[in-house]
Amino acid sequence: TGVEAGLVAPSDPQATITGTQEVHVVNDTGGSLSDLYLRLYPNLRQYGDGRMVVRDVTVDGVPVVPEPPPLYSVPASTPVVAPDAGSQDLILLRLPLANPLAPGASATLRLGFTTTVPLEPVDGTGPFVFMPDTGRWTLAHWFPILAGLDPAFGWETDPPAAWADVTFSNTALFDVTLTAPDDLVLVTTGVEVEGAVERLHQVRRFISGPARDFAIVADPELASVSTDVNGTRVVSYYQPQNAAGGAQILEWGAQALTIFSEL
């Protein structure tokens, strides 16, 4: 999964992420696939004003019109219009394939997306929110995610859990390029491989090993401390006033990685 995205702090007031995405899908189910499914988690009810809209969807260069599955659809809904507050018609999108994907074959999905990040979570916490008082972004499942695919049962299309971790997806390799204000410290899945500051913005590229999501925390005041555990760099990020706690968490994290590696 390759993503290029930009974080834009509130102006009207909205915090948004605009990006393009390329997903390389390999059919390892043993049968043919006639469609693909995308999860649009920001449209979940618990994210209040959170929204996600996709556009310009193609599979192997062929335009595809997304379809909301009947379970999630409402009359006259379309996949390119943001849903009303609380509606669930765009939590899941079906992408019909003009030519079924044969076993072992691959396809490349490309699309554009715009994500609106809620300024305050409905329940006061959450993994998907922008906090205006601190300027912090906490971002899980902020981009369209290919739904989980079970080789025996097919696409996982059940409604997400209403509590704990809502994300359900297969693992992927991520290549993500982020454009963000230059004052933000970016903490992400994966490892940074390129970075530069251009005027008032930073552009940074991250690559991950197998993961089921690409999470981001961006904050203008984060400090960090790190250590090495058998060639793996462990980093603890913290608010400057919490330096003692940050050091303690680093110690615990390093101990845990050491123990699990030995086991």
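Refer to the structure above for everything that follows.
Rules used throughout
Residues numbered from 1 in each chain as written. Predicted model: local features only at pLDDT ≥ 70, side-chain atom pairs only at ≥ 80, totals over all residues. Heavy atoms only, no water. Pairing = 2+ DSSP bridges. Helix = DSSP H or I, 4+ residues; strand = E, 2+ residues; numbered from the N terminus. Axes fitted to C-alpha atoms, helices over the stretch in contact; angles between N-to-C directions. Salt bridge = Lys/Arg side-chain N within 4 Å of Asp/Glu carboxyl O. Buried < 20%, exposed > 50% of the residue type's maximum accessible area, 1.4 Å probe, protein only.

1. Quick look at the pairing of strand β4 (residues 51-59)
At step 1: Bridging between β4 and strand β7 (residues 106-117) involves seven bridges; their strand directions are antiparallel. Looking at β7, one finds that Met52 is bridged to Thr115.
At step 2: Here β4 runs beside strand β5 (residues 62-63); their pairing, made up of two bridges, is antiparallel. By the bridge assignment for β5, Thr58 is matched with Pro63.
At step 3: Here β4 folds back onto β5, and the loop between the two strands holds two residues, one of which, Asp60, carries a positive phi near 55°.

2. Things to note about the sheet that holds strand β9 (residues 136-139)
At step 1: Judged by pairing direction, the sheet is antiparallel, and its four strands sit side by side in the order β8-β9-β17-β14 without closing on themselves. Strand pairing shows two members of the sheet lacking a second neighbour, β8 (128-131) and β14 (185-188), which therefore form its edges. The average angle at which neighbouring strand axes cross in this sheet is 5°, direction not considered.
At step 2: Pairing geometry for β14 and strand β17 (residues 216-219), over four bridges, is antiparallel.

3. Focus on the pattern of salt bridges
At step 1: A complete count under the given rule lists seven salt bridges for this structure.
At step 2: Arg94 is paired through a salt bridge with Asp35; the nearest N and O atoms lie 3.0 Å apart. Taken together, the positions of Arg94 in strand β6 (residues 92-101) and Asp35 in strand β3 (residues 33-39) put the pair 59 residues apart, joining distant regions of the chain.
At step 3: According to the relative accessible area criterion, Arg94 is partly exposed, its value standing at 22%.
At step 4: We note a salt bridge from Glu194 to Arg205, for which the minimum N-O separation is 2.9 Å. With Glu194 in strand β15 (residues 191-198) and Arg205 in strand β16 (residues 201-207), this pair connects stretches of sequence that are eleven residues apart.
At step 5: A residue is classified by how much of its surface remains accessible, and Arg205, at 27% relative accessible area, is partly exposed.

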